[in-house]
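# What the coordinates show
Read off the chains here:
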Amino acid sequence: MATRPPAEGKRWELTAHPRLAKGKVVGVVVLDGWGEAPPDPFNCIHAADTPTLDALKKAAPERWRLIKAHGTAVGLPTDDDMGNSEVGHNALGAGQIYAQGAKLVDLALASGKIYEGEGFKYIRESFDSGTLHLIGLLSDGGVHSRFDQLQLLLKGASEHGARRIRVHVLTDGRDVLDGSSVRFVEILEEDLARLRDKGVDARIASGGGRMYVTMDRYENDWQVVKRGWDAHVLGEAPHKYKNALEAVKKLREDPKANDQYLPPFVIVDESGKPVGQIQDGDAVVTFNFRADRMVMLAKALEYENFDKFDRVRFPKIRYAGMLQYDGELKLPSHYLVAPPEIERTSGEYLARNGVRIYACSETVKFGHVTFFWNGNRSGYFNPSLEKYEEIPSDIGIPFNVQPKMKALEIAQKARDAILSRKFDQVRVNIANGDMVGHTGDIEATIVGCKAADEAVKIILDAIEQVGGIFVLTADHGNAEDMAKRDKSGKPLLDKDGKVQTLTSHTLNPVPIAIGGPGLAPGIRGMFRTDLPNAGLANVAATVMNLHGFEAPDHYEPTLIEVVDK
Ligand SMILES: O=C(O)[C@H](O)COP(=O)(O)O
Ligand SMILES: [Mn+2]
Ligand SMILES: [Mn+2]
């Protein structure tokens, strides 16, 4: 059990709910990337055969409604920001809305405080004799990083003494349109040229596509990080170019190439020597604010003892993350901006009140229902009450080739956990809508959505058998809209007259459904009608109620009321 004392006089003990009984099994299902949008050929959820979800929708408005999953409702800077898994699961698990990494970095850059903090002072020590390396996602998606923040950091770092800067760029095409890498590299090259005019030796040094180079997560495939290490640190990659624009354009000429999966490349000088290996005495900043896809690289950059791949060389560097990515591991130990302190999450409250929790997903989403859910903390609150189970994801196969992913396996694990009666909460993330949606493959996404619906049925049937309750929701939209649209909602066409594929998340709300026999006897729970603007952060209080507890006062209000039958 975590030993943190109650903060600000708040106690950990939860008050019993006056009407809802304790001890029901509560199934919490998060459908990743499952928003609500009007029917349309680019709405894969609508196009898919989803009888289970369709039946739940019919119970609206009492047992099915929509909640917000993007923008300020989940702590993002503006309502133009699409939702994402990190902020979505943080809100679902924490029951409170925190200013998230994107916003905190904006504020620190705008006020200049970023340059006064411990993290920047630490890396600045290297500026006189070493190079400053910036590694991260080249994107304005606002999910893992933002291009304007990189631009400000480049300018600010040079004004604060960095004389030699190397940028290592990971192309996106997942949170932004495929092909946008070219424009980002062009603009970045212009910025770097301006810095060179001012006497700063600034260049792009290496890069690759985010899904193939560096940005793996949850230890799904360390080879991805190794490819990044080889390119960024060692200056080794199968592709060598004189400049990054040429690299990205040439690599994209392969008809199968896309920004997400570009192979690693290194920029070399006239003599073929890499222009920006990471050496002893250098400073390194990973400029992504989001944690999941930076943790593995952070370990490789920071840990003296490391056995995930052969680093060949482990340079003595001063390394800082844009944020601290893991609060429990304190990783990395130096960072430019303090992360949101996501405290008093529902997982911790429930564990401290004796609720037995089982959480499961496949590797690519495992940390979503554990690490993100628990406020970016790894590990258990109470190992004797909790069990987190990971089902290995397919490796090396694009998700549109295996669109069913591990939905069935996750559902079977959840079913077994429910039927075992060893757990009070059984929580899963089903990944298909999101992971297949990100490939932009409409046919495959439809298959994935059907598989997700089948998985839900298995879980709901088990809840039925044990007289339990279910809460089904999603973390943000994705599969419900696969077309880039103009302001009026009309799909945009590319230069060949084809609809532009939207691989990213959306701004759409997500459904939440409750049900199960455990809600019924004598009383019934149903959705309140006085919270039209409710969002993901309202779910935690709702789930606590269904476990038979009142939620703490500082939580966003519950979505349900209890009425006599
Ligand atoms: O990391 C990713 O896969 C995408 O950038 C965002 O997707 P997620 O927020 O659903 O993980
Ligand atoms: Mn997600
Ligand atoms: Mn996603």
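Residues numbered from 1 in each chain as written. Chains lettered and ligands numbered in written order. Predicted model: local features only at pLDDT ≥ 70, side-chain atom pairs only at ≥ 80, totals over all residues. Heavy atoms only, no water.

This paragraph deals with the coordination of the manganese ion (ligand 2). Protein-derived ligands of the manganese ion (ligand 2) are Asp32 (OD), Ser85 (OG), Asp475 (OD) and His476 (NE2), with the metal-ligand distances lying across 1.9 to 2.1 Å. Donor residues binding the manganese ion (ligand 2) come from one chain and are separated in sequence as D-x52-S-x389-D-H. Separating the manganese ion (ligand 2) from the manganese ion (ligand 3) is a gap of 4.3 Å. In this pair, Ser85 is assigned in helix H3 (residues 85-94) and Asp475 in the loop between strand S14 (469-474) and strand S15 (510-515), connecting sequence segments 390 residues apart. Comparing Ser85 with Asp475 shows no difference in burial state: the two are buried. (Donors = N, O, S within 2.8 Å, 3.2 Å for Na, K, Ca; no water. Helix = DSSP H or I, 4+ residues; strand = E, 2+ residues; numbered from the N terminus. Buried < 20%, exposed > 50% of the residue type's maximum accessible area, 1.4 Å probe, protein only.)

The next subject is the pattern of salt bridges. Per the counting criterion, the structure on display carries 34 salt bridges. Arg356 is the salt-bridge partner of Asp424, the closest N and O atoms lying 3.0 Å from each other. Here the residue Asp424 occupies a position in the loop between helix H14 (407-420) and strand S13 (425-430), and Arg356 occupies one in the loop between helix H11 (346-352) and strand S11 (357-362), the gap between them amounting to 68 residues. Look at Asp424 and you get buried, because its relative accessible area is 12%. Linked by salt bridges that have partners in common, Asp32, Lys365 and Asp434 make up one network. (Salt bridge = Lys/Arg side-chain N within 4 Å of Asp/Glu carboxyl O.)

Looking at the manganese ion (ligand 3), the protein donor atoms are Asp434 (OD), Asp434 (OD), His438 (NE2) and His505 (NE2), and they sit 2.1 to 2.3 Å from it. One chain supplies every donor for the manganese ion (ligand 3), spaced along it as D-x3-H-x66-H.

Attention shifts here to the environment of Leu336. Of note, Leu336 is situated in strand S10 (residues 335-337). Leu336 sits 118 residues away from Glu454 along the chain, and the two C-alpha atoms are 44 Å apart. Sequence-distant contacts of Leu336, defined by excluding residues within four places in its chain, comprise Ile114, Gly119, Phe120, Ile123, Leu153, Val285, Ala320, Gly321 and Met322. (Contact = heavy atoms within 4.5 Å.)

Strands sit in the order S6-S7-S5-S4-S3-S8-S9-S10 across an open sheet of eight strands; the sheet is mixed. A strand with exactly one partner marks an edge of an open sheet, and here the two such strands are strand S6 (239-241) and S10. In this sheet, neighbouring strand axes are inclined to one another by 20 degrees on average, regardless of whether the strands run parallel or antiparallel. Bridge analysis of strand S5 (residues 201-209) against strand S7 (residues 265-267) gives two bridges, and the strand direction is antiparallel. Note on S7: the bridge partner recorded for Ser206 is Val266. (Pairing = 2+ DSSP bridges. Axes fitted to C-alpha atoms, helices over the stretch in contact; angles between N-to-C directions.)

With that settled, the discussion passes to the UniProt feature "binding site: Mn(2+) 2" (unreviewed entry) in the protein. Per the UniProt record, "binding site: Mn(2+) 2" (unreviewed entry) is found at Asp32, Ser85, Asp475 and His476. With the annotated positions falling across 445 residues, the maximum pairwise C-alpha distance of 7.6 Å places them together in a single cluster. The class for Ser85 is buried, based on a relative accessible area of 2%. Setting aside residues no more than four positions away along its own chain, Ser85 makes contact with Asp32, Asn90, Arg290, Lys365, His368, Phe372, Asp475, His476 and His505. Other than its neighbours up to four places away in sequence, Asp475 contacts Val30, Leu31, Asp32, Gly33, Ala69, Asn84, Ser85, Gly88, His89, Leu92, Val510 and Leu536. At 3.0 Å, the side chain of Asp475 forms a polar contact with the backbone nitrogen of Gly33. (UniProt positions renumbered as here; feature names shortened; annotations may be inferred. Polar contact = N/O pair within 3.5 Å; in protein donor to acceptor, adjacent residues only side chain to side chain.)

Across the junction of Ala60 and Pro61, the peptide omega takes the value 0 degrees, indicating a cis bond. Assignment of secondary structure puts Pro61 in the loop between helix H2 (51-57) and strand S2 (64-67). Following Leu331, the chain continues to Pro332 via a peptide bond in cis, the omega torsion being -15 degrees. Within the fold, Pro332 resides in the loop between strand S9 (318-323) and S10. A positive phi angle, close to 55 degrees, is found at Lys330, a residue other than glycine. Mapped onto the elements, Lys330 comes out in the loop between S9 and S10. We classify Lys330 as exposed; its relative accessible area is 52%. In this structure, Arg344 is a non-glycine residue whose phi angle is positive, near 55 degrees.

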